[in-house]
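Coordinate analysis (summary)
Single-letter residue listing:
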Amino acid sequence: MSAPFQLRHAKALRIPCVLMRGGTSRGPFFLESDLPAEPAARASVLLAAMGSPHLLQLDGLGGGNSLTSKVAIVSQSSRPDADVDYLFAQVAVDRAHVDLGPNCGNMLAAVGPFAIEAGLVSAVDGETPVRIYNRNTGALVEALVCTPGGIVEYDGATAIDGVAGTAAPVKLSFLRAVGSKTGALLPSGTAREEIDGVPVTLVDYATPMLLLRAVDFGLTGEETPAELDADAALLARLEEIRREAGRRMGLGDVAGRVIPKIGLLSPARRGGSLSSRYFTPDRCHRSHAVTGALCIAAASRIAGSIAQEMLSPSRGSLVTIEHPSGAIQVDLALDGAGQVMRASLVRTARRIFEGNVIVPANAMLALAERNETGGDRSHDHDAPSILYLNGEPGSRRLPA
């Protein structure tokens with residue numbers, strides 16, 4: 001830790017944040033200027049804020065699950081094609097590890113509302129477009145946020161599977177998502193190959209994925225996440241194949257990393273296009289990741305792919321992916337050659353709590369000795385950081 005933190009003389013750090021639900025995920029949203037610019041120091045702050053490592057994350061904001069141990073870091077963008085930059089951090093629950101490699105499309109649903117209410121984007125009456133650059137993957141996304149009277153609207157009649165009740169819709173359009181981490185839609189150069197005798201498709205749209213057929217593992221594809229998580233032999237087999245897939249995709253040794261993700265596919269049974277069990281990768285998602293849905297939808301248009309094999313008769317541009325909590329629908333825009341130009345879907349978001357997260361100085365000092373920062377730091381450019389010292393008159397600001 002650098003000297004400006006002066007943690008040995010501070011009781012705690014008070015850091016402004018907003019707890020938000022985005023799609024089927026939840027986590028704190030920070031302005032980048034309120035966090036340390038140095039990656040290792042920032043990782044220590046996030047681990048302490050979320051309460052990691054601990055299976056229940058009792059001492060922080062995390063919910064003891066990968067879906068509720070996520071962080072969004074937002075800043076004004078200097079890019080001419082974006083309004084804000086979004087850096088996603090997946091904070092491990094059981095170990096001191098912060099992964100900047102993946103993106104999270106569910107958390108992305110709350111970036112637009114957060115950016116407007118943080119004053120980074122001016123709202124207009126009706127609907128406000130927010131152009132978001134994802135620093136993890138280089139993807140450009142447009143979020144269309146409901147802003148009647150120039151105010152963010154969270155209440156509405158839109159329901160998404162995996163979330164109780166209804167809310168205002170947030171339409172997300174992914175404008176540039178091919179080759180998010182590998183630079184190619186098919187990183188290994190083919191739509192289908194075999195790993196240890198198992199047919200697979202390796203594809204990278206919005207997130208790198210390993211696609212497999214459920215039947216090749218003796219499964220119907222209708223198993224519950226709890227049933228799949230309890231099958232230790234299955235999880236070990238999937239991880240073995242995933243590691244080789246990562247190598248073939250040019251990602252190197254992916255042991256301990258969360259990409260590539262895994263999609264275990266089967267034919268649809270409830271009127272959708274196909275069915276998916278999405279692994280994060282060590283556990284089965286209780287519903288489905290947005291980026292994973294986009295990737296599978298794009299793969300369903302690739303001749304010879306596992307996804308296309310599972311696809312029910314085409315229903316135009318819409319691909320409906322059934323998952324354990326219901327379904328998620330992706331609208332694909334294709335060019336004349338059948339290539340995906342844009343993928344869109346609708347999510348919802350909610351602002352849950354706003355204030356300061358209290359990060360104990362002793363936790364910061366302990367974590368600084370052992371934290372790991374995972375993922376790709378190449379998108380991790382410097383930004384000024386400001387932390388708040390607990391107990392000081394007027395919440396004195398400390399540059400970091």
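Residues numbered from 1 in each chain as written. Predicted model: local features only at pLDDT ≥ 70, side-chain atom pairs only at ≥ 80, totals over all residues. Heavy atoms only, no water.

Points about the overall build of the protein chain
Along the backbone of the protein chain there are eight helices and 19 strands. Counting every position in the protein chain, which comprises 400 residues, the buried fraction comes to 56%. Across the protein chain, every contact between residues at least 6 apart in sequence was considered, and the portion connecting residues at least 24 apart equals 65%. Carbon and sulfur atoms make up 51% of the accessible area of the protein chain, which totals about 15,400 Å². (Helix = DSSP H or I, 4+ residues; strand = E, 2+ residues; numbered from the N terminus. Buried < 20%, exposed > 50% of the residue type's maximum accessible area, 1.4 Å probe, protein only. Contact = heavy atoms within 4.5 Å. Areas by Shrake-Rupley, 256 points an atom, 1.4 Å probe, with all protein chains shown as cover.)

Side note on the side chain of H285
As for its placement among the helices and strands, H285 is situated in the loop between β13 (274-279) and α6 (290-299). Among the polar contacts listed, one links the side chain of H285 to the backbone nitrogen of H288, at a separation of 3.2 Å. (Polar contact = N/O pair within 3.5 Å; in protein donor to acceptor, adjacent residues only side chain to side chain.)

Examining the pairing of strand β10 (residues 198-205)
For β10, the tally of buried residues reaches eight of eight residues, placing the bulk of the element in the interior. Here β10 shows no split at all, with V198, V200, L202 and D204 on one side and P199, T201, V203 and Y205 on the other all buried. In this structure, strand β9 (residues 193-195) lies alongside β10, joined through three bridges in antiparallel fashion. If you follow E193 over to β10, its bridge partner there is V200. Direction of pairing for β10 relative to strand β11 (residues 207-213): antiparallel, over a ladder of five bridges. Residue pairing for β11: D204 is matched across the bridge by P208. Counting the residues that bridge the hairpin from β10 to β11 gives one residue, and of these A206 lies at a positive phi of roughly 75 degrees. (Pairing = 2+ DSSP bridges.)

Observations regarding the pairing of strand β6 (residues 126-134)
Working note: regular strand, side chains alternate between the two faces of the sheet. When strand β4 (residues 84-91) meets β6, the two strands line up parallel, connected through three bridges. Bridging across to β6, D85 finds its partner in Y133. Note that β6 and strand β7 (residues 140-147) share eight bridges and pair antiparallel. Within the sheet, the bridge partner assigned to I132 lies in β7 and is V141. With antiparallel pairing between neighbouring strands as the criterion, β6 and β7 make up a hairpin whose turn holds five residues, including G138 at a positive phi of roughly 80 degrees.

Some points on the environment of L311
By the secondary structure assignment, L311 is in the loop between α7 (306-310) and β14 (318-323). For L311, a relative accessible area of 22% translates into the label partly exposed. The sequence separation of L311 and S273 amounts to 38 residues, and the corresponding C-alpha distance is 5.4 Å. Ignoring anything within four residues of it in the chain, the contact list for L311 reads S273, L274, S300 and R301.

A few points about the packing of aromatic side chains
A ring pair, where both rings are aromatic, is described by two values, the distance of the centres and the angle of the planes. On inspection of all chains with the given rule, the structure shows one aromatic pair. Between F29 and F114, the ring centres sit 5.5 Å apart and the planes meet at 45 degrees, which makes this aromatic pair tilted. Linking F29 in strand β2 (residues 25-31) with F114 in helix α3 (residues 111-117), this pair joins segments that are 85 residues apart in sequence. Taking relative accessible area as the criterion, F114 reaches 4% and is therefore assigned buried. Positioned over the ring face of Y133 is R79, at 3.9 Å from the centre of the ring. (Phe/Tyr/Trp six-rings, centres within 6.5 Å; stacked < 30°, edge-to-face > 60°. Lys NZ or Arg CZ within 6 Å of the ring centre and 35° of its normal.)

Notes on the environment of G112
Here G112 shows up in helix α3. Judged by its relative accessible area of 0%, G112 is buried. Separated by 38 residues in sequence, G112 and V74 place their C-alpha atoms 9.8 Å apart. With sequence-adjacent residues up to four places away left out, G112 is seen in contact with V130, I132 and V145.

Points about the pattern of salt bridges
Inspection of the entire model under this criterion finds 20 salt bridges. Across the pair R135 and E32 runs a salt bridge, and its minimum N-O distance is 2.8 Å. With R135 in the loop between β6 and β7 and E32 in the loop between β2 and α1 (39-50), this pair connects stretches of sequence that are 103 residues apart. Neither R135 nor E32 differs from the other in exposure class; each is buried. Residue E117 pairs with R351 through a salt bridge whose shortest N-O separation is 2.9 Å. Highlighted residues: E117 in helix α3 and R351 in strand β16 (residues 340-360), separated in sequence by 234 residues. In this structure, a network of salt bridges that share partners links the residues R192, R213, D216 and E309. (Salt bridge = Lys/Arg side-chain N within 4 Å of Asp/Glu carboxyl O.)

Thoughts on the confidence of the model for the protein chain
For the protein chain, per-residue confidence averages 88 on the pLDDT scale, and residues scoring 70 or more make up 88% of the total. Within the model, the stretch residues 1-8 combines pLDDT values under 50 with 17 contacts to residues more than four positions away or in other chains. Here residues 371-400 scores under 50 on pLDDT; set against residues more than four positions off or in separate chains, the count is 87 contacts. (pLDDT = per-residue confidence, 0-100.)

So, a nonpolar patch on the surface
The grouping of L55, L56 and L58 at the surface amounts to a nonpolar patch, some 360 Å² of accessible area in total. As for its position among the elements, L58 is in the loop between α1 and β3 (70-76). (Patch = residues over 30% accessible without salt bridge, like charges linked within 9 Å, V, L, I, M, F, W, Y side chains within 5 Å.)

What to know about unusual backbone geometry
Each neighbour pair has its own omega, and for S52 with P53 the value is 0 degrees, a cis peptide bond. Here the bond from T280 into P281 is cis, since omega is 15 degrees, no more than 30 degrees from zero. Counting through the fold element by element, P281 comes out in the loop between β13 and α6. At Q57, a position not held by glycine, the phi torsion is positive, near 50 degrees. Structurally, Q57 is set in the loop between α1 and β3. Of note, the phi angle at D196 is positive, near 55 degrees, even though the residue is not glycine. Position of D196 among the secondary structure elements: in the loop between β9 and β10.

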